[in-house]
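# Structural characterization, general
Below, each chain spelled out in residue letters.
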Amino acid sequence: MKTKFTPLHRFLHWTIAVAMTVLYGTGFLRMYWLNKHKMVDIIASKTQALPKEEMTEIAKAIRAPMWEWHVSFAYVMVFAFLVRIIYMIAKGIKFPSLFNSKLPMKERLQGSIYLFFYVFVFVSMFTGVSLKQGFFPEMKDSIETVHKLGIYWFPIFILLHIAGILIAEYTNKKGISSEMISGKESDLK
Ligand code: HEM
Ligand code: HEM
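Sequence order as written defines residue numbering, which begins from 1 separately in each chain. Chain A is the first chain written and ligand 1 is the first ligand written, with later ones labelled in order. With the structure being a predicted model, the display of local features is reserved for residues of pLDDT at least 70 and the display and counting of side-chain atom pairs for 80 or more, all residues being used for whole-chain, interface and lining totals. Heavy atoms from the whole structure form the basis of all side-chain values; hydrogens and water molecules are not counted.

### Considering the site of ligand 2
- If a single non-hydrogen atom of a residue is within 4 Å of a molecule or strand, that residue counts as near it. Lining the immediate surroundings of ligand 2 are 20 residues, of which Arg30, Trp67, His70, Gly128 and His147 lie closest.
- Within the side chain of Arg30, a nitrogen or oxygen atom sits 3.3 Å from an oxygen atom of ligand 2.
- Pairing of N or O atoms within 3.5 Å defines a polar contact, subject to two protein rules: one partner must be a possible hydrogen donor and the other a possible acceptor, and residues neighboring in sequence count only if both atoms are side-chain atoms. Glu144 is positioned with one of its side-chain polar atoms (N or O) 3.4 Å from an oxygen atom of ligand 2.
- When residues of the shell around ligand 2 are traced back to their parent elements, those giving at least two are α1 (7-31), α3 (52-91), α4 (105-133) and α5 (140-148).
- Helix and strand assignments follow DSSP, with helices taken as H or I runs no shorter than four residues and strands as E runs no shorter than two, numbered in order from the N terminus. It is α4 that provides the largest number of residues to the shell around ligand 2, a total of six residues.

Written as structure tokens, this is what we have:
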């Protein structure tokens, strides 16, 4: 059996998949369910005994362990992204090019979805690192707004990706999901 996706390619794919899921989950929790203003409102509705600053400190302390995961997985994501780019340069792109007019439209569309992913990941990384390191302080609010767009672009990518894989599985690339898991080309072909 031939190997379509090398062990490194599969390792990078699944590392990126796990890291992005954790980054999205923790970003979502910080913005919504564990939003510090919402937590302060809840604490304030239960007690009048504390000043607002202390309530904010409590809220931040509650979400701190969760937030450490965003920062840790940001390192994982930066590492996986850089290795993926080096691997792409060394071994060829491994997904269809949007700009190759000889390829069928379906494959160019698929390539454009992956390009969309890597461009947006780059923007998220750049803005995330800028927030952490305090780069461009005069533009902090805009950088934060752009970074938080992740709440929209990532689910759009996932829906397109899952739809693309389902279409591939049901048409000309049966078993492509197991190839991304085990690396073995399917016997179904
Ligand atoms: C949860 C987050 C996920 C992310 C962020 C993600 C990301 C990506 C990206 C960027 C590619 C382009 C090629 C590459 O760079 O390796 C890709 C390809 C692929 N992914 Fe995912 N993926 C995710 C989940 C999944 C799941 C759940 C499956 C399968 C059950 C899957 C199966 C595949 C397959 C089969 C390809 C290769 C498609 C082809 O070459 O035609 N991915 N994925
Ligand atoms: C490539 C992916 C990503 C990387 C590398 C990344 C990295 C970072 C870093 C380093 C910070 C600054 C942490 C700090 O100051 O302590 C941050 C903040 C943040 N990230 Fe991400 N992140 C990514 C994706 C996402 C996604 C998908 C979301 C989902 C909404 C998200 C939501 C947030 C939020 C809400 C903040 C706090 C902004 C603020 O209030 O200052 N991030 N991110």
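### Side note on the coordination of the iron atom of ligand 2
- Coordination here is defined by N, O and S atoms within 2.8 Å of the metal (3.2 Å for Na, K and Ca), and since water is not considered, a site can look incomplete. Surrounding the iron atom of ligand 2 are the protein donor atoms His70 (NE2) and His147 (NE2), which sit 2.0 to 2.1 Å from the metal.
- Viewed at the metal, the six donor atoms of the iron atom of ligand 2 are separated by angles of 87 to 179 degrees, and the geometry they form is octahedral. Of the two residues, His70 sits in helix α3 while His147 sits in helix α5, which places them 77 residues apart along the sequence.
- The buried label applies to any residue whose accessible area, calculated with a 1.4 Å probe on protein chains only, is under 20% of its type's maximum; exposed applies above 50%, and partly exposed to all values in between. The exposure class assigned to His70 is buried, which follows from its relative accessible area of 13%. By the criteria applied here, four donors are tetrahedral when all angles lie between 85 and 135 degrees, four are square planar and six octahedral when opposite donors are over 155 degrees apart and every other angle lies between 65 and 115, and any other arrangement is irregular.

### Let's talk about α4
- Take the residue count of a helix, subtract one, and multiply by 1.5 Å to get its expected span. Between its first and last C-alpha atoms α4 spans 42 Å; for 29 residues at 1.5 Å apiece the expected length is 42 Å, and the two agree.
- By the burial criterion, the buried members of α4 are Gly111, Ile113, Tyr114, Phe117, Tyr118, Val121, Ser124, Met125, Thr127 and Ser130.
- Whether two residues are in contact is decided by their heavy atoms, any of which lying within 4.5 Å being enough. Taken together, the buried residues of α4 touch α1, α3, α5 and α6 (150-170).
- Looking one or two places after α4, you find Gly134, whose phi comes out positive at around 70 degrees.

### A few points about the UniProt feature "transmembrane region" (unreviewed entry) in the protein chain
- UniProt positions are given in the numbering used here, feature names are shortened, and annotations may be inferred rather than shown by experiment. Per the UniProt annotation, the sites labelled "transmembrane region" (unreviewed entry) are residues 12-33, 72-90, 111-131 and 151-170.
- The straight-line gap between the two end C-alpha atoms of residues 12-33 is 30 Å; of that span, 91% is helix and 0% is strand.
- Between the end C-alpha atoms of residues 151-170 there is a gap of 30 Å, over a span that is 100% helix and 0% strand.

### A few points about α3
- The first and last C-alpha atoms of α3 sit 56 Å apart over 40 residues, in line with the 58 Å expected at 1.5 Å per residue.
- By the burial criterion, the buried members of α3 are Met55, Thr56, Ala59, Arg63, Met66, His70, Met77, Ala80, Phe81, Arg84, Tyr87 and Met88.
- The elements touched by buried residues of α3 are α1, α2 (36-46), α4 and α5.

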